[in-house]
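# Coordinate analysis (summary)
Residue-level listing of the chains:
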Amino acid sequence: SQIDAPFMGGVLVPSPDLVVLKLHTDVAGRLALTTRWPPGANSGFKAYFQCWIADATQPDGVAAFNAIMGETQ
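The model shown is predicted, which means the values in this text are computed figures rather than measured ones.

### Re the overall build of the chain
Broken down by element type, the chain carries zero helices and six strands. Over its C-alpha atoms the chain spans a radius of gyration of 14 Å, topping by over 25% the 11 Å that the globule rule assigns to 73 residues. By its C-alpha atoms, the chain is 40 × 30 × 15 Å across when sized along the principal axes. Considering only intrachain contacts with a sequence separation of at least 6, the fraction spanning at least 24 residues in the chain is 40%. Per element, the accessible surface of the chain, about 6,200 Å² overall, is 57% carbon and sulfur. Charge-centre separation for the chain: the mean point of 4 positive side chains lies 11 Å from the mean point of 6 negative side chains.

Quick look at the structure:
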């Protein structure tokens, strides 16, 4: 769900129901992830995703990407 909570100098958009740590980017700074949408998800089911990265130039040491939302039709 969407919570829009203050977090480490930014805004944490999704509820952190699932947290994946220690992913690494390639030399160009890219990270590609793939997954399958949950089978049997009802129409209107929404999932929110957001990425936070270590960034020593930021006051709290992290930077957040804009969140994205996926919704079933």
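### Re unusual backbone geometry
The phi torsion at Met8 lies on the positive side, around 45°, for a residue other than glycine. Within the element layout of this structure, Met8 appears in the loop between strand E1 (2-7) and strand E2 (10-14). Among the residues examined, Met8 registers a relative accessible area of 39% and is labelled partly exposed. Phi at Lys22 takes a positive value of approximately 65°, unusual for a residue other than glycine.

The rules behind each value
- Residues numbered from 1 in each chain as written.
- Predicted model: local features only at pLDDT ≥ 70, side-chain atom pairs only at ≥ 80, totals over all residues.
- Heavy atoms only, no water.
- Helix = DSSP H or I, 4+ residues; strand = E, 2+ residues; numbered from the N terminus.
- Rg over C-alpha atoms; globule rule 2.2 N^0.38 Å.
- Contact = heavy atoms within 4.5 Å.
- Areas by Shrake-Rupley, 256 points an atom, 1.4 Å probe, with all protein chains shown as cover.
- Lys, Arg positive; Asp, Glu negative; His and termini not counted.
- Charge placed at Lys NZ, Arg CZ, Asp CG, Glu CD.
- Buried < 20%, exposed > 50% of the residue type's maximum accessible area, 1.4 Å probe, protein only.

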